[in-house]
Amino acid sequence: MDYISTRGTAPTLTFKETLLVGLAEDGGLYVPREWPHFSAEKIRSFKGMDYCEVAFHVIKAFVDGEIEDAALRDMINEAYATFHHPAVVPLVQTGANNWILEVIYGPTLAFKDVAMQILARLMDHILTEQGRRITIVGATSGDTGGAALEAFQACEGIDTFFMFPEGKVSDVQRKQMTTIGAANAHAIAIDGSFDDCQNMVKDMFNDAEFRDGVHLSAVNSINWGRVMAQTVYYFTAAVALGAPDRAVAFTVPTGNFGDIFAGFVAKQMGLGIDRLVIATNENDILSRALSTGNYTLSDVEVTITPSMDIQISSNFERLLFEAAGRDPQIVRELMAELKVNGSYVLPDRVRQYIADLFASGTANQAQTLETMEQVYARSGYLADPHTAVAIRVAEQQTSRAVPMVTLATAHPAKFPDAVERATGQLVEVPQWAVQRASNAEVLNVLENDLVTVKKFIMEKSRIGSGRTDG
Ligand SMILES: *Cc1c(COP(=O)(O)O)cnc(C)c1O
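Keep in mind the model is a prediction, meaning the values are calculated, not measured.

J.: Report on the overall build of the chain, specifying residues and quantitative values.
T.: Looking only at helices and strands, the chain has 19 helices and 15 strands in total. At 21 Å, the chain has a C-alpha radius of gyration in line with the 23 Å of a compact globule built from 470 residues. Once the C-alpha set of the chain is aligned to its principal axes, its extents read approximately 60 × 50 × 50 Å. Sorting the 470 residues of the chain into buried and exposed places 61% on the buried side. Partitioning the intrachain contacts of the chain with sequence separation of at least 6 by distance along the chain shows that 75% fall at a separation of at least 24. Of the roughly 17,000 Å² of accessible surface on the chain, 47% is carried by carbon and sulfur atoms. Side chains of the chain carry 39 positive and 58 negative charges; the gap between the two charge centres is 3 Å.

Written out as structure tokens, the structure is:
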């Protein structure tokens, strides 16, 4: 299967190449040239199958023969053996027609583990086969960095660097990044916002000398492999609730638009999804874009749901590309406008396409805390704040007779302060999650300055520094 860029001028790549490059060199994001399609019969066959088997079918459709089935199966089985639940991603009923899809049982307690655990194995497999090394650089609002550093530490040919906004991630999140104790895992605190970190990553990709100097790669949600891996649980959840013979709706706490875009991909592949509901916190640019047609950047507001404190939703570009009839010219124009003016107006046709499938809603901090309290009082369920944003928004959406699945994206133990504030309950990091209480924290605090960060990465990466021995 070929992969093409949403901006139309980067080279067409194979699956393997797409995973290794992350971001396209024209600044766009890679997508498959066409969507694989599953018949209703094939989707029906997923009933009663275990998670890894469904994952194999879904991922195989994108790998398209570039990796042998047996090797692919092994990697998938190993990746999800790190999860602390026999269902991997269990579905919990919380109301007559409401379910919570708990994507929280991975080693770092957030849904990011679903993608990182398989992506690390796939990338390691490809690099070993080709005798190559890379340097991964990423930006994280909290959960991606921990999941990536955790998953990639075992990869011989990969050095991983993650930048996060200093002081704006939870203690549990920070420690997951700073206590790994592996020579190839680097956590960098930046004196700035998540968007500053993300922009530096983009600038590094646009700098050919640096990019080639360290064999730069990305595993942020712009990496196609992330979206691909997340598509799996839309299938398992929908099938458990009656797909392909019944449509299902999903509400997803959204930041970078990767998770909810995976739902869109499942829909493109033939899964009967009635609606995808975008749930946002005060940083409601996506909600505003959908209701007004104006995508207008404003300042990032810091909230109790840091993984959603994002203004530039990278993966939204993939949806724009589809909504624009896969015309890269339109995407290029909108992205150029965003860069120059900090805003763009969605063309009517594009807006209509999105409105036909997506809905959106916002929960502010007070509403989020209130929802956490109510959900706990009603059912004893402890929701993390991100999940609570989505539960609140889903509540406004369950008018139709369609089962509503809300994604729980983090374990409550990852955000214990908010949980205690809302419910009075103290939650501790569970025994099975990664805990390295005895490891000292190793944190590199750097200025919000591209040159400084590039220099640091050059010196610390084995490729950039010429230390390719070990
Ligand atoms: C990353 C994250 C999100 C946002 O997901 P996107 O794919 O960026 O939209 C929501 N909740 C939690 C807990 C996260 O870690």
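J.: Describe in detail the site of the ligand, supporting the description with residues and values.
T.: Surveying the vicinity of the ligand reveals 14 residues, the closest of which are Lys112, Asp143, Gly255, Asn256 and Thr409. Between an oxygen atom of the ligand and a main-chain N or O atom of Gly258, the distance comes to 3.2 Å. For the ligand, whose unbound accessible area comes to 380 Å², protein coverage reaches 97%. Across the shell around the ligand, the residue classes break down as four nonpolar, seven polar and three charged.

J.: Describe the sheet that holds strand S4 (residues 98-102), with residues and values.
T.: Taken together, the six strands give an open sheet; going across it, the order is S3-S4-S14-S9-S10-S13, and neighbouring strands pair in mixed fashion. Single-partner strands in this sheet number two, and they are strand S3 (91-95) and strand S13 (358-362). Geometrically, the sheet is characterised by an average inter-axis angle of 25° between neighbouring strands, direction not taken into account. Where S4 and strand S14 (residues 404-408) come together, five bridges link them in parallel fashion.

J.: Go over the domain arrangement of the chain with me, naming the residues and quoting the values.
T.: Along its sequence, the chain is carved into domain 1 (87-109 + 225-423) and domain 2 (133-220 + 440-470). Placing the centre of domain 1 and that of domain 2 at their C-alpha centroids yields a distance of 26 Å. With 18 residues of domain 1 at the contact, the number on the domain 2 side is 18 residues. Taking both partners together, domain 1 and domain 2 bury about 1,500 Å²; carbon and sulfur atoms supply 50% of that area. Lys414 is the salt-bridge partner of Asp143, the closest N and O atoms lying 2.7 Å from each other. Counting every contact that joins domain 1 to domain 2 gives eight residue pairs in polar contact (both at pLDDT 80 or more). Of the residues contributing to the side of domain 1 that touches domain 2, the split by class is 10 nonpolar, five polar and three charged.

J.: Explain the pairing of strand S5 (residues 134-139) to me, using residue names and the numbers behind them.
T.: Within a regular strand, the side chains alternate between the two sheet faces. The buried fraction of S5 is high, at six of six residues. Side chains of S5 alternate between two faces, with Ile134, Ile136 and Gly138 and Thr135, Val137 and Ala139 buried alike. Across six bridges, S5 lies against strand S6 (residues 158-165) in parallel orientation. Residue pairing in the sheet places Val137 in a bridge with Phe161 of S6. What joins S5 to S6 is helix H6 (residues 143-152), and the crossover it makes is right-handed. Pairing analysis gives two bridges linking S5 to strand S8 (residues 216-217), with the strands arranged parallel. Within S8, the position partnered with Ile136 by the bridge is Ser217.

J.: Report on the pattern of salt bridges, specifying residues and quantitative values.
T.: Scanning the entire structure with this criterion turns up 20 salt bridges. Measuring nitrogen to oxygen at the nearest pair gives 3.1 Å for the salt bridge that ties Arg121 to Glu78. Note that Arg121 is positioned in helix H5 (residues 112-130) and Glu78 in helix H4 (residues 69-81), a separation of 43 residues in sequence. Relative accessible area serves as the criterion here: at 47%, Glu78 is assigned to the partly exposed category. One salt bridge connects Asp284 with Arg288, and the closest N-O pair in it is separated by 3.0 Å. Taken together, the shared-partner salt bridges in this structure form one network comprising Arg44, Lys47 and Asp245.

Cut-offs and rules
- Residues numbered from 1 in each chain as written.
- Predicted model: local features only at pLDDT ≥ 70, side-chain atom pairs only at ≥ 80, totals over all residues.
- Heavy atoms only, no water.
- Helix = DSSP H or I, 4+ residues; strand = E, 2+ residues; numbered from the N terminus.
- Rg over C-alpha atoms; globule rule 2.2 N^0.38 Å.
- Buried < 20%, exposed > 50% of the residue type's maximum accessible area, 1.4 Å probe, protein only.
- Contact = heavy atoms within 4.5 Å.
- Areas by Shrake-Rupley, 256 points an atom, 1.4 Å probe, with all protein chains shown as cover.
- Lys, Arg positive; Asp, Glu negative; His and termini not counted.
- Charge placed at Lys NZ, Arg CZ, Asp CG, Glu CD.
- Near = heavy atom within 4 Å.
- Polar contact = N/O pair within 3.5 Å; in protein donor to acceptor, adjacent residues only side chain to side chain.
- Nonpolar A, V, L, I, M, F, W, Y, C, P; charged D, E, K, R; others polar.
- Pairing = 2+ DSSP bridges.
- Axes fitted to C-alpha atoms, helices over the stretch in contact; angles between N-to-C directions.
- Domains from an automatic or database assignment.
- Buried area = accessible area lost by both parts, 1.4 Å probe.
- Salt bridge = Lys/Arg side-chain N within 4 Å of Asp/Glu carboxyl O.
- Right-handed = clockwise from strand over helix to strand, strands pointing away.

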